[in-house]
Amino acid sequence: MTPEQRLIRNIRAAAGPREITVYQGIVSSVEGNTCTVEFASQKVSGVRLRASTSELEQQLLVVPKVGSAVVVGSLSGDLADLAVLVVDEVERIEINGGKLGGLVNIEPLVDKLNELVRSFNAHTHTIPSGGVVCGEYPNAAPVSVPKTSGSAQEFDRGDFEDETIKH
């Protein structure tokens with residue numbers, strides 16, 4: 001027996017003889033961590049967007065776009081206790097309640113940071129006559145202040161991009 005066959009046998013033994021029923025429908029509304037899905041002409045509310053409806057600090061919530069197709073599953077074999085399994089279009093994704101805000105769009109961030117680095121590296125200015133006092137005498141002519149002797153290094157997206165989560 002292959003490991004996959006053994007896993008299937010063990011899951012069936014643990015879950016019992018119930019069969020999983022899968023439906024496809026269209027999302028008509030979203031309410032928190034549940035949604036209402038329309039199957040042909042029948043609307044079913046309370047379809048879970050996660051495995052449970054309990055409020056958790058550590059959660060992944062994929063919210064489908066209203067009007068998009070979803071595949072839902074039911075362990076009871078009917079339209080009770082449904083949970084969304086697959087979504088066609090995503091309205092938003094919340095990880096751990098979304099407390100940290102949105103993900104970073106890496107390219108615009110790197111472009112802005114490098115613009116700042118280039119500006120800093122090229123920065124010079126002139127001190128006007130009389131702006132610097134050496135002993136008792138102010139400078140007679142303007143003093144040109146050169147750019148810094150050490151340059152700041154440009155940023156690379158790999159310095160702070162997490163490749164395991166993409167958006």
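Everything here concerns the structure above.
From a predicted model like this one, the values you see are computed outputs, not experimental measurements.

Participant: Give me the overall build of the protein chain: which residues, what numbers.
Facilitator: Looking only at helices and strands, the protein chain has 2 helices and 11 strands in total. When the elements of the protein chain are put in sequence order from the N terminus, they spell out α-β-β-β-β-β-β-β-α-β-β-β-β. Since a compact globule built from 167 residues should have a radius of gyration of about 15 Å, the 30 Å found for the protein chain marks it as more spread out than a globular shape. Across its three principal directions, the C-alpha atoms of the protein chain cover 95 × 45 × 25 Å. Burial analysis of the protein chain (167 residues in total) assigns 19% to the buried set. Sequence separation of at least 24 residues holds for 53% of the intrachain contacts in the protein chain that already meet a minimum separation of 6. With the model as given, the accessible surface of the protein chain reaches about 12100 Å², and the carbon-plus-sulfur share is 56%.

Participant: I'd like a description of helix α2 (residues 106-122), backed by residues and values.
Facilitator: With 17 residues, α2 should reach 24 Å at 1.5 Å per residue; the first-to-last C-alpha distance of 24 Å fits that figure. Within α2 the residues assigned to the buried category are I106, V110, N114, V117 and N121. Axial view of α2: buried residues confined to an arc of 55°, hence all on one face. α2 presents K112, L116 and A122 as exposed residues on the side facing more than 90 degrees away from its buried surface.

Participant: Give me the lowdown on a nonpolar patch on the surface, citing residues and values where you can.
Facilitator: A contiguous nonpolar patch, built from I20, V22, L75, L85 and V86 and spanning about 480 Å² of accessible area, is present on the exposed surface. Inspection of the secondary structure assignment puts I20 in the loop between α1 (3-15) and β1 (21-31).

Participant: Provide a residue-level description of the pairing of strand β3 (residues 42-48), including the pertinent values.
Facilitator: A regular strand places its side chains on the two faces of the sheet in alternate fashion. As defined by bridge partners, strand β2 (residues 34-39) adjoins β3 across 5 bridges and the pair is classed as antiparallel. Bridge assignment links T34 to a residue of β3, and that residue is R48. Where β2 folds back on β3, the antiparallel hairpin that results is connected by 2 residues, among which A40 adopts a positive phi of roughly 55°.

Participant: Give me the lowdown on the pattern of salt bridges, citing residues and values where you can.
Facilitator: Within this structure, the stated rule accounts for 4 salt bridges. Between E89 and K65 there is a salt bridge, and its shortest N-O distance comes to 3.8 Å. Of the two residues, E89 sits in the loop between β6 (82-87) and β7 (90-95) while K65 sits in the loop between β4 (60-64) and β5 (69-74), which places them 24 residues apart along the sequence. The residue R118 makes a salt bridge to E154 at a minimum N-O spacing of 3.1 Å. One end of the pair, R118, is in helix α2; the other, E154, is in the segment after β11 (143-145), and 36 residues separate them in sequence.

Participant: Describe the nonpolar core, and please don't skip the residues or the numbers.
Facilitator: Looking at soluble globular proteins, one finds that nonpolar side chains tend to be buried together. Core analysis: the biggest nonpolar cluster contains 13 residues, and C35, V47, V72 and V84 have the highest contact counts within it. Looking at this core, the elements with two or more residues in it are β2, β3, β4, β5 and β6. The dominant element in this core, judged by the number of residues it contributes, is β2, at 3 residues. Setting aside chain neighbours within four positions, we find C35 in contact with V27, S29, V30, V44, S45, G46, V47, L49 and V84.

Participant: Provide a residue-level description of unusual backbone geometry, including the pertinent values.
Facilitator: For residues besides glycine, phi is generally negative; the peptide bonds are generally trans as well. Its identity is not glycine, yet A40 carries a phi of approximately 55°, on the positive side. Looking at the secondary structure, you find A40 in the loop between β2 and β3. A positive phi is found at D81, a non-glycine position, where the angle reads about 50°. Its location among the elements puts D81 in the loop between β5 and β6.

Participant: How would you summarise the side chain of N121 if you had to cite specific residues and measurements?
Facilitator: Structurally, N121 can be placed in helix α2. On the basis of relative accessibility, which here comes to 15%, the residue N121 falls in the buried class. Among the polar contacts listed, one links the side chain of N121 to the backbone nitrogen of A152, at a separation of 2.7 Å. When sequence neighbours within four positions are dropped, the list of residues in contact with N121 reads K147, S151 and A152.

What counts, and where the lines are drawn
- Here, residues in each chain are numbered from 1, in the same order as that chain's written sequence.
- pLDDT decides what is reported in this predicted model: residues at 70 or higher carry local features, side-chain atom pairs at 80 or more are listed and counted, and totals for whole chains, interfaces and linings draw on all residues regardless.
- As a rule here, side-chain values cover all heavy atoms of the structure and leave hydrogens and water aside.
- Counting from the N terminus, the helices are the DSSP runs of H or I reaching at least four residues and the strands are the DSSP runs of E reaching at least two.
- Atoms counted for the radius of gyration: C-alpha only. Globule rule: 2.2 Å times the number of residues to the power 0.38.
- Between buried and exposed lies partly exposed: a residue is buried under 20% and exposed over 50% of the maximum accessible area for its type, with that area taken using a 1.4 Å probe on protein chains only.
- Working rule for contacts: check all heavy atoms of both residues, and any pair within 4.5 Å makes them a contact.
- Surface accessibility follows the Shrake-Rupley procedure with a 1.4 Å probe radius. Residue values consider only the protein chains on display as shielding.
- To estimate how far a helix should reach, multiply one less than its number of residues by 1.5 Å.
- Each direction from the helix axis to a C-beta atom contributes to the arc, which is the arc of those directions.
- Each patch is assembled from residues with relative accessible area greater than 30% and no salt bridge, linking like charges that lie within 9 Å and nonpolar side chains (Val, Leu, Ile, Met, Phe, Trp, Tyr) that lie within 5 Å.
- Salt bridges, as used here, are contacts in which a Lys or Arg side-chain nitrogen is within 4 Å of a carboxyl oxygen on Asp or Glu.
- Two strands make a pair as long as DSSP finds a minimum of two bridges between them.
- Here, nonpolar core refers to any group of buried Ala, Val, Leu, Ile, Met, Phe, Trp, Tyr and Cys residues whose side-chain atoms link them within 4.5 Å.
- Two N or O atoms count as a polar contact when they lie within 3.5 Å, although within protein this holds only if one can serve as hydrogen donor and the other as acceptor, and sequence-adjacent residues are included solely when both atoms are side-chain atoms.

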